[in-house]
Amino acid sequence: MLRMNPRHRLNRVKGTYRTERTTLVPPEANETVESDREGIRRGDGEHLGNNVFRINQRTYAWERDDMYYPVGGPGFIVADRATLKGLQTVRKHGGITESALNELARDPSISAECVESVKDLWQRRTNRGDP
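Residues numbered from 1 in each chain as written. Predicted model: local features only at pLDDT ≥ 70, side-chain atom pairs only at ≥ 80, totals over all residues. Heavy atoms only, no water.

## Quick notes on the overall build of the protein
Phase 1 of the analysis: What the protein contains, in helices and strands, is four helices and seven strands.
Phase 2 of the analysis: Across the protein, helices and strands are ordered from the amino to the carboxyl terminus as β-β-α-β-β-β-β-β-α-α-α.
Phase 3 of the analysis: Viewed in the frame of its principal axes, the protein has a C-alpha envelope of about 50 × 25 × 25 Å.
Phase 4 of the analysis: Within the protein, residue pairs in contact and separated by at least 24 positions form 57% of the contacts whose partners lie at least 6 positions apart.
Phase 5 of the analysis: Placing the 22 positive and 19 negative side-chain charges of the protein at their respective mean positions leaves the two points 4 Å apart. (Helix = DSSP H or I, 4+ residues; strand = E, 2+ residues; numbered from the N terminus. Contact = heavy atoms within 4.5 Å. Lys, Arg positive; Asp, Glu negative; His and termini not counted. Charge placed at Lys NZ, Arg CZ, Asp CG, Glu CD.)

## Considerations on the packing of helix α2 (residues 81-92) against helix α3 (residues 98-106)
Phase 1 of the analysis: α3 packs onto α2 with a crossing angle of 150° between their chain directions and a minimal axis gap of 8 Å. Between α2 and α3, the interaxial angle falls into the category roughly antiparallel. Every pair of crossing elements has a handedness; the one defined by α2 and α3 is right-handed. Residues G86, T89, V90 and K92 of α2 pack against A100, E103 and L104 of α3.
Phase 2 of the analysis: Looking at side-chain class alone, the contact of α2 with α3 contains three nonpolar, two polar and two charged residues. (Axes fitted to C-alpha atoms, helices over the stretch in contact; angles between N-to-C directions. Parallel < 35°, antiparallel > 145°, perpendicular 65-115°, else oblique. Left-handed = near helix turned anticlockwise from the far one by under 90°. Nonpolar A, V, L, I, M, F, W, Y, C, P; charged D, E, K, R; others polar.)

## A look at α2
Phase 1 of the analysis: With twelve residues, α2 ought to run about 16 Å at 1.5 Å a step, and its terminal C-alpha atoms sit 16 Å apart, in line with that.
Phase 2 of the analysis: Buried residues dominate α2, accounting for nine of its twelve residues.
Phase 3 of the analysis: Of the positions making up α2, those classed as buried are R81, A82, T83, L84, G86, L87, Q88, T89 and V90.
Phase 4 of the analysis: Where the residues of α2 are buried, they touch β2 (21-24), β7 (77-80), α3 and α4 (112-124). (Expected span 1.5 Å × (residues − 1). Buried < 20%, exposed > 50% of the residue type's maximum accessible area, 1.4 Å probe, protein only.)

## Quick word on the packing of aromatic side chains
Phase 1 of the analysis: Under the counting rule described, the total for this entry stands at two aromatic pairs.
Phase 2 of the analysis: Summarising the aromatic geometry, the rings of Y60 and Y68 are spaced 6.0 Å apart at their centres and angled 70° between planes, so their arrangement reads as edge-to-face.
Phase 3 of the analysis: Taking the relative accessible area as the measure of exposure, Y60 reaches 1% and is therefore buried.
Phase 4 of the analysis: For Y68, a relative accessible area of 1% translates into the label buried.
Phase 5 of the analysis: Connected via pairs of aromatic rings, a cluster forms that spans Y60, Y68 and F76.
Phase 6 of the analysis: Positioned above the aromatic ring of W122 is the side chain of R125, whose terminal nitrogen or guanidinium carbon lies 4.0 Å from the ring centre. (Phe/Tyr/Trp six-rings, centres within 6.5 Å; stacked < 30°, edge-to-face > 60°. Lys NZ or Arg CZ within 6 Å of the ring centre and 35° of its normal.)

Here it is as structure tokens:
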């Protein structure tokens with residue numbers, strides 16, 4: 001377990017992931033994740049089977065080779081498909097712009113509550129201006 005799959009970092013949401021839900025790590029949790037990873041590598045975590053580990057109430061899965069990803073726990077964000085799609089739309093427009101909000105409003109799969117969640121998550125990113 002050497003590196004986390006970048007698609008799980010809130011700062012790295014991009015592309016067109018077709019998953020129904022995914023666990024995201026906000027920037028403020030990066031040090032926590034690194035500490036957890038080191039603990040698992042030392043053998044401090046609980047092995048739950050099938051390459052899944054728990055440490056500090058957070059769960060991680062070993063994906064392949066040296067890559068891992070967060071599954072759930074305190075400090076993580078579980079995003080559904082609509083939220084991911086909204087974040088991808090905002091990223092495509094370079095931020096929370098009028099054109100991004102118009103595109104989100106036209107998408108029937110993205111509710112008004114989801115738009116508010118996307119705006120909140122976008123503000124939590126440390127690289128909000130990066131497309």
